[in-house]
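Per-entry structural report
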Amino acid sequence: MINPNSAAPMPATLADMVHRLDQARVTQTREEGEESGTVPVSHYTDPQHWQQEQAALFGTWPIVAAHSSEIPIGSALPFDALGVPIVLTRAADGRVRAFLNVCRHRGMALVAGSGPEPAKARPCKALVCPYHAWTYELDGRLRHRLHAKTFDGFDPATLNLVELPCDEASGLVLVKRSPGAAFSAEAFLQGLGAHLDWMGLAGMTVFRKIDKVYDANWKLTVDAFLEGYHIRVLHRDTIYPFFADAYTVNLHAGPHQDSLVARRAAFEAFEPPRDREALCKIATPTQLVFPNTFLIWHPDYVSLIGMFSPAPDQVRWVHTMLIPPDRTSDDWTPHWEKTFQLIEQTVFQQEDIATAVAIQRGLSSGANTHFHLGRLEHEVLRFHRNIDDALGGRLGHR
């Protein structure tokens, strides 16, 4: 069963999107923005602008770090895509926590990454420093110091791990890069969680994960997922045969976005969908969790994609393939392997990412000072205006 909540009524906001998609089909009218606009090329190249993004976006906003299924009870998952060492844990109480992945003794990493492969959670009862065996509970409390009596004048209560704001909602684990006040992941999603819950995101499980760095500014890959204008050309021989030409409806939830990208099947026989499987036959739901995370709902699986920013001209691409829990047996493996290769290596790497890399190279020529975006690219303009507002202190999060 793909969606365990299929018997539940579709959220009203999602039902309205479906209705608008039907109207677009009937009237053969695409949803467009009110105006065209421009984006400065310097926003993709300027080191100072990148530093502002690091401080005002990646440094203070809740960022999706993992899917809930990646962190079972009694495990720890290293996460360093935000430029600082973080470890996510789930103690026996079931709560996900985040800490700086740094021993309070001499600064050693408590949980090492897995080298070139994407990090995976490790089963553990405690976090043990590999340098001097200082030991911490999964809730961050210091449990043990080797030869503790030799540490005169140090209060062990002040040597717990440094905790970071972290919360979980609708199958997503979000964390802030710096210590500070707690936040509510549900409130941060501003209603988007109702859509994710109805489609059963929390019940999905990880099949495959890829973590690579490419030579393109992170916003170039975000831009590509915010418009269907390019599908007809860039994806002509891969996915365009399944999609209508630039028919997309959008819902704004604060700075976040939910979209339905029309598939050709919607124009052939439109039936109001009663569950996620039926919805994904007529459209591809796509959510942007601002600023850098996408959920793309393919017909029988989900792509969870984080687009991180290690340098002005680099994107760290973290793609997690989530599959239904009843399709994890060995006989399903060949299907998922083939499917993952098609979407990741062919569509994403050879088309979307390769285009972003080519654009980044072209920016150095000075041919363009601005990108010129039409009304079918209105969500790209909105995204960049939200970034401008966040950098200027005009857009915050709950």
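Quick note: structure is the one above.
Predicted model only: the values in this text are computed from it and were never measured.

1. Quick word on the nonpolar core
Counting residues in hydrophobic clusters, the biggest one holds 99 residues, and the most contacted among them are Phe79, Leu88, Leu172, Phe225, Trp297 and Trp317. Sort the elements by how many residues they give to this core and helix H9 (residues 333-363) lands first, with 9 residues. Apart from residues lying up to four places away in sequence, Phe225 is in contact with Thr286, Phe294, Ile296, Ile305, Met307, Trp317, Phe348 and Asp352. Listed in part, the 16 residues of the second largest apolar core include Ala76, Val87, Ala91 and Tyr136.

2. Let's talk about the pairing of strand S16 (residues 283-289)
Where burial is concerned, most of S16 is hidden: 7 out of the 7 residues are buried. Covered by surrounding structure in S16 are Ala283, Pro285, Gln287 and Val289 together with Thr284, Thr286 and Leu288, the residues of both alternating faces. Bridge count for strand S15 (residues 256-263) against S16 is 6 bridges, and the pairing is antiparallel. Residue pairing in the sheet places Val261 in a bridge with Thr284 of S16. As judged from the 4 bridges shared by S16 and strand S17 (residues 293-297), these two strands associate in the antiparallel manner. Among the inter-strand pairings, Gln287 is bridged to a residue of S17, identified as Leu295. Hairpin geometry of S16 and S17 is characterised by an intervening segment of 3 residues between the two adjacent antiparallel strands.

3. Details of the packing of aromatic side chains
By the definition in use, this model includes 16 aromatic pairs. Their ring planes at 70° and their centres at 5.9 Å tell us that Phe79 and Phe308 sit as a pair that is edge-to-face. Pair noted here: Phe79 is in strand S3 (residues 75-79) and Phe308 is in strand S18 (residues 302-311), with a separation of 229 residues, a long-range link. With respect to class, Phe79 is no different from Phe308; both count as buried. Judged by centre distance (6.1 Å) and plane angle (45°), the ring pair of Phe225 and Trp317 falls under tilted. In this pair, Phe225 sits in the loop between helix H5 (218-224) and helix H6 (231-234) while Trp317 sits in strand S19 (residues 314-323), placing the two residues 92 residues apart along the sequence. Note on Phe225: relative accessible area 14%, which makes it buried. Look at Trp317 and you get buried, because its relative accessible area is 1%.

4. Let's talk about the packing of helix H2 (residues 47-58) against helix H10 (residues 378-391)
Relative placement of two packed helices is described by the angle separating their axes and the distance separating the axes. Running from N to C, H2 and H10 cross one another at 75°; their axes reach a closest spacing of 9 Å. In terms of orientation, H2 and H10 fall into the roughly perpendicular class. Taking contact as the criterion, the partners of His49, Gln52, Glu53, Ala56 and Leu57 in H2 are, on H10, Ile387, Ala390 and Leu391. For the contact of H2 with H10, the per-class residue count stands at 5 nonpolar, 2 polar and 1 charged.

5. Here we look at unusual backbone geometry
Each neighbour pair has its own omega, and for Phe290 with Pro291 the value is 10°, a cis peptide bond. Secondary-structure assignment places Pro291 in the loop between S16 and S17. The backbone phi angle of Ala133 is positive, close to 65°, even though this residue is not glycine. Under the relative-accessibility criterion, Ala133 is labelled partly exposed at 29%. A positive phi is found at His147, a non-glycine position, where the angle reads about 55°. Relative to the helices and strands, His147 resides in the loop between strand S9 (142-144) and strand S10 (163-164).

6. Some words on the pattern of salt bridges
Oppositely charged side chains may form a pair once their charged atoms are brought near each other. Within the structure shown, the criterion is met by 19 salt bridges. With a closest N to O distance of 2.9 Å, Arg394 and Asp389 form a salt bridge.

7. Description of the sheet that holds S19
The sheet built from 7 strands is open, its strands ordered S13-S19-S18-S17-S16-S15-S14 with antiparallel pairing. Looking at which strands have only one partner, the edges of the open sheet turn out to be strand S13 (205-214) and strand S14 (243-253). The sheet shows a mean angle of 15° between the axes of neighbouring strands, direction not considered. Along the sheet face, H10 touches S14, S15 and S16 and points at about 30° away from the line of S14.

8. A look at the sheet that holds strand S2 (residues 63-67)
In space, the 3 strands of this open sheet follow the order S2-S12-S11, with antiparallel pairing throughout. The sheet terminates laterally at S2 and strand S11 (166-169), the two strands that pair on one side only. With direction set aside, neighbouring strand axes in the sheet form an average angle of 30°. Both S11 and strand S12 (residues 172-175) contribute to a ladder of 4 bridges, which runs antiparallel. When the bridges of S12 are listed, Ala169 appears paired with Leu172.

Conventions we followed
Residues numbered from 1 in each chain as written. Predicted model: local features only at pLDDT ≥ 70, side-chain atom pairs only at ≥ 80, totals over all residues. Heavy atoms only, no water. Core = buried A, V, L, I, M, F, W, Y, C linked by side-chain atoms within 4.5 Å. Buried < 20%, exposed > 50% of the residue type's maximum accessible area, 1.4 Å probe, protein only. Helix = DSSP H or I, 4+ residues; strand = E, 2+ residues; numbered from the N terminus. Contact = heavy atoms within 4.5 Å. Pairing = 2+ DSSP bridges. Phe/Tyr/Trp six-rings, centres within 6.5 Å; stacked < 30°, edge-to-face > 60°. Axes fitted to C-alpha atoms, helices over the stretch in contact; angles between N-to-C directions. Parallel < 35°, antiparallel > 145°, perpendicular 65-115°, else oblique. Nonpolar A, V, L, I, M, F, W, Y, C, P; charged D, E, K, R; others polar. Salt bridge = Lys/Arg side-chain N within 4 Å of Asp/Glu carboxyl O.

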